[in-house]
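This is what each chain is made of:
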Amino acid sequence: MKASRIGQSAAILSIGAIALTACGGGGTTTLQGAGASSQEAAMNAWSDGAGELDPAVEVRYSPDGSGAGREAFLAGGASFAGSDAAMDEEEFESSKEQCGDKGAFNVPAYISPIAVGFNLEGIDSLNLDAETIAGIFSGEITTWNDPAIAQQNPDADLPDTNITVVHRSDESGTTENFTDYLHAAAPEAWSDEASESWPISGQENSQGTSGVVSTASDTDGAITYADASAIGDLGTVAVGVGDDYVEYSPDAAAAAVDASQRVEGGAENNMALELDRDTEADGAYPIILVSYHIYCNEYQDQDTADAAKAFGQYVVSEEGQQASADAAHSAPLSEKMRQEAHDAIDQITAAG
């Protein structure tokens, strides 16, 4: 992952001033992050978008997966985590060991559709409702010319090719968001509740977002799920919502987020969201992830606190969100959510 260094830039507005004071005139403060691979393109965009950067503050991010990122953060091995699943209540309590009595908090940083991608020569798009998607990934629907698929795609020349499901082998917030959608939107076809670990054994699997996309791209008849920014040349599914089929897009993802509610509990500035997976709102694409940054409310030293605040506020700024949208086709945070995120991050302090 490319390193980013926060400093003076018109795009960062007043945030650069915070970074400039983070290290005084001395050495370098390194802000180490780890977590969701879905954020990799966005992290690169945030790095590039910072312009001429102050070498006194360096931000590094290791895209090891959401679960690994949260574990590293809670163990004190990272200053912040990127996660496609919000920190839960048990993790919040655990965070107090590293972050003081106020613990850590989730702040939305990156909103993106999760694309359902497939590899069928000559077919770029298919219409599938939630029950059919669940039936495919559960292994109940095993060939591409199955009547459930054909009925929704009368104009497609569907082969009798066997379907190969490719899922994440690592604990993944993308998996949790995808299985949450399957359970909420098609509970009869998908009885398993949301989980970061894929619940079905015996299917093809690969590590990370790039891994599942690569495996599916090399496997005729494969189907997978991945952050839309990384889906590559795979064909994609328009998802059944109400009486229509909705293709993924930033606007369609944002429409689904607008219907979401705030999760109760955790720190006072916690911004975890409860997503409406079975929405029938016009133009809403329900298979989405809201990927979070997780920060301490209190860091052990002033340099780290200032660096975390500077970087966090740049990420949720209008400029930072636009940089991510341009590079990763993510859906920018709304103005209201950007302000709430800025205020939440502004509460970061240093011990003592």
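See above for the structure.
Please read all numbers here as calculations on a predicted model, not as lab measurements.

A. Seen up close, the overall build of the protein chain. When its secondary structure is counted, the protein chain shows twelve helices and 15 strands. Here the protein chain holds 352 residues, and 55% of them are scored as buried. Sequence-distant contacts, at least 24 apart, represent 75% of the contacts inside the protein chain between residues at least 6 apart. When the accessible area of the protein chain is evaluated, it comes to approximately 14,400 Å², of which 40% is carbon and sulfur surface.

B. Region of interest: the state of the cysteines. Under the counting rule described, the total for this entry stands at one disulfide. Each sulfur in the disulfide pair Cys99 and Cys296 lies 2.0 Å from the other. As the torsion about the S-S bond is roughly -50°, the Cys99-Cys296 disulfide counts as left-handed. With Cys99 in helix α4 (residues 89-99) and Cys296 in strand β13 (residues 288-296), the pair connects residues that are 197 residues apart, well separated along the chain. Per residue, the accessibility class of Cys99 equals that of Cys296, and both read buried.

C. Structural view of the packing of aromatic side chains. Under the counting rule described, the total for this entry stands at 13 aromatic pairs. Consider the rings of Phe178 and Trp198, whose centres lie 6.4 Å apart with planes at 10°: the pair is stacked. Of this pair, Phe178 sits in helix α7 (residues 173-185) while Trp198 sits in the loop between α7 and β7 (204-206), and the two are 20 residues apart along the sequence. For Trp198, a relative accessible area of 11% gives the class buried.

D. Representation of the nonpolar core in the model. Core analysis: the largest hydrophobic core is formed by 89 residues, its most contacted members being Ile133, Phe137, Phe178, Ile223 and Tyr295. When residues in this core are grouped by element, the largest group, nine residues, is from strand β4 (residues 104-118). Beyond its immediate sequence surroundings of up to four residues, Tyr295 is in contact with Phe73, Phe80, Ala104, Phe105, Val107, Ala308, Phe311, Gly312, Ile345 and Ile348. Formed by ten residues, the second largest nonpolar core is a distinct cluster that contains Val166, Ala216, Ala228 and Ile231.

E. Region of interest: the pattern of salt bridges. Summed over the entire model, instances satisfying the criterion amount to eight salt bridges. For Arg70, the salt bridge goes to Glu196, with nearest N and O atoms at 2.9 Å. Of this pair, Arg70 sits in helix α3 (residues 66-74) while Glu196 sits in the loop between α7 and β7, and the two are 126 residues apart along the sequence. The same class applies to Arg70 as to Glu196, namely buried. What emerges from the salt-bridge pattern is a single network uniting Arg70, Glu91 and Glu196.

F. Summary view of helix α12 (residues 335-345). Listed as buried for α12 are Met337, Arg338, Ala341, Ala344 and Ile345. What you see down the axis of α12 is that its buried residues fit within an arc of 125°, all on one side. Across α12 from its buried face, at more than 90 degrees, point the exposed residues Glu335 and Lys336.

G. Broad picture of the environment of His293. Within the secondary structure, His293 sits in strand β13. Owing to a relative accessible area of 0%, His293 belongs among the buried residues under this scheme. With 259 residues separating them in the primary sequence, His293 and Ala34 have C-alpha atoms 9.8 Å apart. His293 has contacts with Gln39, Met43, Trp46, Phe80, Ala81, Gly82, Phe105, Asn106, Val107, Ala109, Phe311 and Val315, leaving out every residue within four places of it along the chain. Among the polar contacts made by the side chain of His293, one reaches the side chain of Gln39 at a distance of 2.7 Å. There is a polar contact of 3.1 Å between the side chain of His293 and the side chain of Tyr295.

H. Quick look at α3. Of all the residues in α3, the buried ones are Ser66, Gly67, Gly69, Arg70, Phe73 and Leu74. Taken down its axis, α3 places every buried residue within 165° of arc, on the same side. Trailing α3 by a residue or two, Gly76 shows a phi angle of about 85°, which is positive.

I. Representation of the packing of helix α10 (residues 302-316) against α12 in the model. α12 packs onto α10 with a crossing angle of 180° between their chain directions and a minimal axis gap of 9 Å. One element, α10, and the other, α12, form an angle in the roughly antiparallel class. Where α10 approaches α12, its residues Ala308, Lys309, Gly312, Gln313 and Val316 are matched on the opposing element by Arg338, Ala341, His342 and Ile345. Residues belonging to the contact of α10 with α12 are distributed by class as follows: four nonpolar, three polar and two charged.

The rules behind these values
- Residues numbered from 1 in each chain as written.
- Predicted model: local features only at pLDDT ≥ 70, side-chain atom pairs only at ≥ 80, totals over all residues.
- Heavy atoms only, no water.
- Helix = DSSP H or I, 4+ residues; strand = E, 2+ residues; numbered from the N terminus.
- Buried < 20%, exposed > 50% of the residue type's maximum accessible area, 1.4 Å probe, protein only.
- Contact = heavy atoms within 4.5 Å.
- Areas by Shrake-Rupley, 256 points an atom, 1.4 Å probe, with all protein chains shown as cover.
- Disulfide = S-S within 2.5 Å.
- Phe/Tyr/Trp six-rings, centres within 6.5 Å; stacked < 30°, edge-to-face > 60°.
- Core = buried A, V, L, I, M, F, W, Y, C linked by side-chain atoms within 4.5 Å.
- Salt bridge = Lys/Arg side-chain N within 4 Å of Asp/Glu carboxyl O.
- Arc of directions from axis to C-beta.
- Polar contact = N/O pair within 3.5 Å; in protein donor to acceptor, adjacent residues only side chain to side chain.
- Axes fitted to C-alpha atoms, helices over the stretch in contact; angles between N-to-C directions.
- Parallel < 35°, antiparallel > 145°, perpendicular 65-115°, else oblique.
- Nonpolar A, V, L, I, M, F, W, Y, C, P; charged D, E, K, R; others polar.

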